[in-house]
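Each chain is listed here by its residues.
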Amino acid sequence: MTLGSLQREMGAQLQAAGIGTAKLDARLLLQHAIGKDHAHLVGHYNDQVPDSQLALAQAVLARRLAFEPVSRIVGCREFYGLEFAITPDVLDPRPDSEVLVDAALQAGRLMSSRGRGLAVAEAGVGSGALIISVLMQLCDATAIASDVSPAALRIARDNAVRWGVDDRLKLVRCSWLDGVEDDVDLIISNPPYIKSGELERLSPDVRNYDPVLALDGGDDGLVAYRSLVPAAYAKLRDGGGLCVEVGAGQANGVWTLFERSGFRPHGTLKTQVCDLAGHVRVVRGWKTQV
Ligand SMILES: C[S@@+](CC[C@H](N)C(=O)[O-])C[C@H]1O[C@@H](n2cnc3c(N)ncnc32)[C@H](O)[C@@H]1O
């Protein structure tokens, strides 16, 4: 069998299983199986596939047919133009969270104009995709990021080393912001926000592969925000900002928590930021009106 015919066969099987991204997935899985990039694959469609690679391709295809996400199978995910290692211990970073990075960078760049390196914190770092993306863009910023999962902290460390920001990122095992010192300029978080009762109804590619610790937001989905938002207010310096990701329909409830803690809207930046589909993804507030 040639590489080209194997790719078509894999795509047909994925399509028959109802996987919407069948063709793309077939290509990515085949590239993974043969250990080559897209350009190599295109240039070698007529090559015969060695038995060892055929077996590997069939094995990864079987995993995808069981609805394991491609990123889980290949062990990495592209986020904000960077590749991040992921393992079963961390949330697979979602493209939607790039809105949080954009919202944080917009706030951070305004603050950077004050002429000193920003102190940034992330609560619930997971793979590190968010805070590392922020540090890659804000070159004089330093950051501290927390997680309760030691395994997640190890992945975040590896990813920080890979992108050369490990000297600017301190990783701490603690609950939310407990291990963070006062006087932070900017805090970001994508906490778990799925209602406990909805976890069972999530699609299998989420339910079976993302850690519950990264998903479960308690009875109403807002449990993490109730700890995190007042703690963030206490850690921020005057003029500092908090940017959090929210789930569908949660923006107003989360903003109420912001207001109760003392957060105020910014003079020019929006309090709610939408994703490309028009859903509110991010809520932002400031420690004093700026
Ligand atoms: C939705 S995931 C976000 C991960 C990563 N920031 C991202 O967006 O890809 C939430 C993260 O919060 C962590 N977490 C859960 N409870 C926590 C707590 N009490 N304190 C700190 N982190 C916690 C989980 O382990 C998980 O890594």
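The structure presented is a predicted model; accordingly, all values stated were derived computationally and were not measured. (Residues numbered from 1 in each chain as written. Predicted model: local features only at pLDDT ≥ 70, side-chain atom pairs only at ≥ 80, totals over all residues. Heavy atoms only, no water.)

Trainee: Could you give an account of the overall build of the protein chain, with specific residues and numbers?
Mentor: Helix and strand content of the protein chain: twelve helices and nine strands. Scaling as 2.2 N^0.38, a compact globule of 290 residues should have a C-alpha radius of gyration of about 19 Å, and the protein chain matches this with 21 Å. In terms of principal-axis extent, the alpha carbons of the protein chain reach across some 65 × 40 × 35 Å. Within the protein chain, buried positions represent 50% of all 290 residues. The contacts in the protein chain between residues at least 6 apart in sequence include a share of 67% that link residues at least 24 apart. Looking at the protein chain as shown, the accessible area adds up to about 13300 Å², and 51% of this sits on carbon and sulfur atoms. Separation between the mean location of the 30 positive side-chain charges and that of the 35 negative ones in the protein chain comes to 3 Å. (Helix = DSSP H or I, 4+ residues; strand = E, 2+ residues; numbered from the N terminus. Rg over C-alpha atoms; globule rule 2.2 N^0.38 Å. Buried < 20%, exposed > 50% of the residue type's maximum accessible area, 1.4 Å probe, protein only. Contact = heavy atoms within 4.5 Å. Areas by Shrake-Rupley, 256 points an atom, 1.4 Å probe, with all protein chains shown as cover. Lys, Arg positive; Asp, Glu negative; His and termini not counted. Charge placed at Lys NZ, Arg CZ, Asp CG, Glu CD.)

Trainee: So what about the site of the ligand? Which residues, and what values?
Mentor: Lining the immediate environment of the ligand, one finds 16 residues, of which Glu-122, Gly-124, Asp-147, Trp-176 and Asn-190 sit closest. The side chain of Asp-147 places a nitrogen or oxygen atom 2.6 Å from an oxygen atom of the ligand. Between the ligand and Ser-175, the relevant distance is 3.0 Å, taken from a nitrogen atom to a side-chain nitrogen or oxygen of the residue. Protein chains shield 94% of the accessible area of the ligand, which is 600 Å² for the free molecule. (Near = heavy atom within 4 Å. Polar contact = N/O pair within 3.5 Å; in protein donor to acceptor, adjacent residues only side chain to side chain.)

Trainee: Lay out the domain arrangement of the protein chain with the relevant residues and their values.
Mentor: Partitioning the protein chain into domains gives domain 1 (3–66) and domain 2 (78–286). For domain 1 versus domain 2, the distance between C-alpha centres works out to 35 Å. (Domains from an automatic or database assignment.)

Trainee: Account for the layout of surface pockets, naming residues and giving values.
Mentor: Considered as a void within the structure, the largest pocket measures approximately 800 Å³ in volume. As for the largest pocket, its lining consists of 43 residues, and the residues nearest its centre are Leu-91, Asn-190, Pro-191, Pro-192 and Ala-214. Breaking the lining of the largest pocket down by element, the ones donating at least two residues are α7 (129–137), β4 (142–147), α10 (212–215) and β9 (280–286). Grouping the constituent residues of the lining of the largest pocket by class yields 24 nonpolar, eleven polar and eight charged. Of the pockets and cavities examined, the second largest pocket occupies roughly 670 Å³. In this structure, the second largest pocket is lined by 27 residues; those nearest its centre are Leu-28, Val-70, Ser-71, Cys-76 and Arg-77. Among the secondary structure elements, those contributing two or more residues to the lining of the second largest pocket are α2 (22–34), α5 (70–74), β1 (76–79) and α9 (204–207). Along the lines of polarity and charge, the residues of the lining of the second largest pocket split into ten nonpolar, six polar and eleven charged. (1 Å grid on protein atoms, 1.4 Å probe; cavity = no way out; pocket = protein on both sides within 12 Å on 5 of 7 lines; lining within 4 Å. Points joined across faces, edges and corners; volume = space filled by probe spheres on them. Nonpolar A, V, L, I, M, F, W, Y, C, P; charged D, E, K, R; others polar.)

Trainee: Can you explain α2? Please cite residues and give values.
Mentor: The end-to-end C-alpha distance of α2 is 18 Å, a good match for the 18 Å that 13 residues give at a rise of 1.5 Å each. Looking one or two residues beyond α2, the residue adopting positive phi is Gly-35, at roughly 70°. (Expected span 1.5 Å × (residues − 1).)

Trainee: Any details on the packing of α2 against helix α4 (residues 51–65)? Residues and values, ideally.
Mentor: Look at α2 against α4: their axes get within 9 Å of each other, and the N-to-C directions meet at 140°. When the axis of α2 is compared with that of α4, the two are oblique. Handedness of the α2/α4 crossing: right-handed. Contacts from Asp-25, Leu-29, Leu-30, His-32, Ala-33 and Ile-34 of α2 reach α4 at Gln-53, Leu-56, Ala-57, Val-60 and Arg-64. (Axes fitted to C-alpha atoms, helices over the stretch in contact; angles between N-to-C directions. Parallel < 35°, antiparallel > 145°, perpendicular 65-115°, else oblique. Left-handed = near helix turned anticlockwise from the far one by under 90°.)

Trainee: Can you explain the state of the cysteines? Please cite residues and give values.
Mentor: Here the structure, examined in full by the defined rule, presents zero disulfides. There is no disulfide at Cys-274, and the cysteine sulfur nearest it, in Cys-243, is 14 Å away. Here Cys-274 falls in the partly exposed class, since its relative accessible area comes to 40%. (Disulfide = S-S within 2.5 Å.)

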